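# Survey of secondary and tertiary structure
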Amino acid sequence: MAAWALVFLAVAALLQILTPVPWDADTAYHVAVARLIARHGILHAFPWTPFSWLAENYADKELLFHLLMVPLAGLSWIAAAKITGAVLGGALLLVLYLVLRAEGVPHRGLWALLPLAASASFLLRFALVRPHLLGVALAIAGAWAVNRRRLWLLAAVSLLFPWCYVAWHTPLVLAAIAAVAQLLSGERPSWKPAAAAAAGLGLGLVVHPNFPNLARFAWVVNVEILMKTAWAGRAGFALGPEFQPFTLAEALRFLTLPLGLAAAALLVAWRRRREDPGSLGLALTAAAYAAMTVRSGRFIEYLAPVSVLAFAVAIRPLRWSRRAAPIALVGATALTAALGAPSLDWLAIRQDELPPPMAALLRKAIPEGAQVFTCDWGFTGELLLALPERRFMVALDPTLFFLEDPQLYALWFALPREGPADAADAIRRRFGARYVLCAAFEESMPLFRSLERDGSVRQVLRSPLWFFADLGDPGTNPR
């Protein structure tokens, strides 16, 4: 086990080494939160984004993830992210290995590596330094615990979920799937797994320092953001592509093997359901994640490892199972290299958006406590790191701005895209901002042109990456 743990750590570390700068903007936000915790202690408000719903209703849905980063707060944010990604990525693979080991699956180390080879999309998600690394590991452990009725482990996993990931209701869903598997297998469903999951979740929620806001925030993320905004295609929101489903071509490249493994696991487990209802429960869990992944591509991070787990457990009693792992790993590697390898170029394309010289220039120009108007939400993490103790518009998701003030959100969304003649005055008066600091995206060019034509505005910086202007004294900040 120790040898495999080192292998998993080395694989996860190699992916971080191959990524010069974390290519996901959310990573910078998480490091920034860890630094804020190191500086201010556990956070109960988030005044650094005063236009966000979180400003006064703060809940850290990934508190444990941020606490793990706190000891690294003195390092550069890139180094802190890489170390965290390597450790948690290795831990995720180790959890999968340990579950397979508990099931007596042969060649479990190879099975644990298979998700990385089964889909280039999963490999990219695995390389992200995000809290889902903890969430996926807990989901794997929880799925196994609920189907094998390891109640203490299930309760412990359930307790950790509210501290690690916003989908903290997952253990209850896993318990429901396990009950369906027992029913389909001719057994009377047991109430104990659901009770253990509920007890663990309840304790985890109550002892969380941001309770009860944590429960409210879970509703916001899962209903307001995911269902009502991302999946509903609500106009006036730019959420990025990860919430969208794969195109047919992308599905063929990234989902062929995970979906195939999930389908095969379900077929084999169904035939043996009366002998092993737990195996059917794991296969149904993989099928549930498959349905979610077809709807939203980001859930590949769950589908790939859970489908591997379900397939390996389902075929374990079969005579040819000992040969399956090496054959599957070699075949998956070859197929993914042929179909999906070009996507791995994403690991190395991003540069440091705010290198130290640029950050130093901005810190000198923008005093602490100043309100800065930004045109988007994606770079708030980098700005929090480069310009500590300044205030920006919104982080994590624009829906959090919309929920706080729909009319003001509509103005914020329109200003960069329309660039009205009175844009500078609107920014000063409605947002209390003296400074405009925006990524130089094409969609924001109308605002840049409007500010350039305004004689009261002093343009400080215009580069291929950033636009920075000083609008003069805004008067009293409305926030």
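Since the model is a prediction, treat every value here as computed from it, not as a measurement. (Residues numbered from 1 in each chain as written. Predicted model: local features only at pLDDT ≥ 70, side-chain atom pairs only at ≥ 80, totals over all residues. Heavy atoms only, no water.)

This next bit is on the state of the cysteines. Counting across every chain of the model gives 1 disulfide. The partner cysteine of C375 in its disulfide is C438, sulfur to sulfur 2.0 Å. Looking along the S-S bond of the C375-C438 disulfide, the torsion reads about 75°, which is the right-handed sense. On the criterion of sequence distance, the pair formed by C375 in the loop between β1 (372-373) and α18 (380-386) and C438 in strand β2 (residues 435-439) is long-range, its members being 63 residues apart. On the basis of relative accessible area, C438 is assigned to the buried category, the value being 1%. (Disulfide = S-S within 2.5 Å. Helix = DSSP H or I, 4+ residues; strand = E, 2+ residues; numbered from the N terminus. Buried < 20%, exposed > 50% of the residue type's maximum accessible area, 1.4 Å probe, protein only.)

Another aspect to go through is the environment of R150. Among the secondary structure elements, R150 is positioned in the loop between α7 (132-147) and α8 (151-164). Linking R150 and T84, residues 66 residues apart in sequence, is a C-alpha distance of 29 Å. Look past the residues within four positions of R150 in its chain and what remains in contact with it is W144 and A145. (Contact = heavy atoms within 4.5 Å.)

Of all 5 residues in β2, 5 are buried; the element is thus mostly enclosed. In β2, alternate side chains face the same way, and those of Y435, L437 and A439 on one face and V436 and C438 on the other are all buried. Of the pairings in the sheet, the one linking β1 to β2 comprises 2 bridges and is parallel in character. Its bridge partner being in β2, V372 is matched across the sheet by Y435. Looking at chain direction, β2 and strand β4 (residues 466-470) are connected through 5 bridges and run antiparallel. (Pairing = 2+ DSSP bridges.)

Packing of helix α13 (residues 256-271) against helix α15 (residues 300-315) leaves a shortest axis separation of 8 Å and a crossing angle of 35°. Seen from above, α13 lies across α15 with left-handed handedness. For the pair formed by α13 and α15, the contact residues are P258, L259, L261, A262, A264, A265, V268 and A269 on the first element and I300, L303, A304, S307, V308, A310, F311 and A314 on the second. Taken together, the residues of the contact of α13 with α15 break down into 15 nonpolar, 1 polar and no charged. (Axes fitted to C-alpha atoms, helices over the stretch in contact; angles between N-to-C directions. Left-handed = near helix turned anticlockwise from the far one by under 90°. Nonpolar A, V, L, I, M, F, W, Y, C, P; charged D, E, K, R; others polar.)

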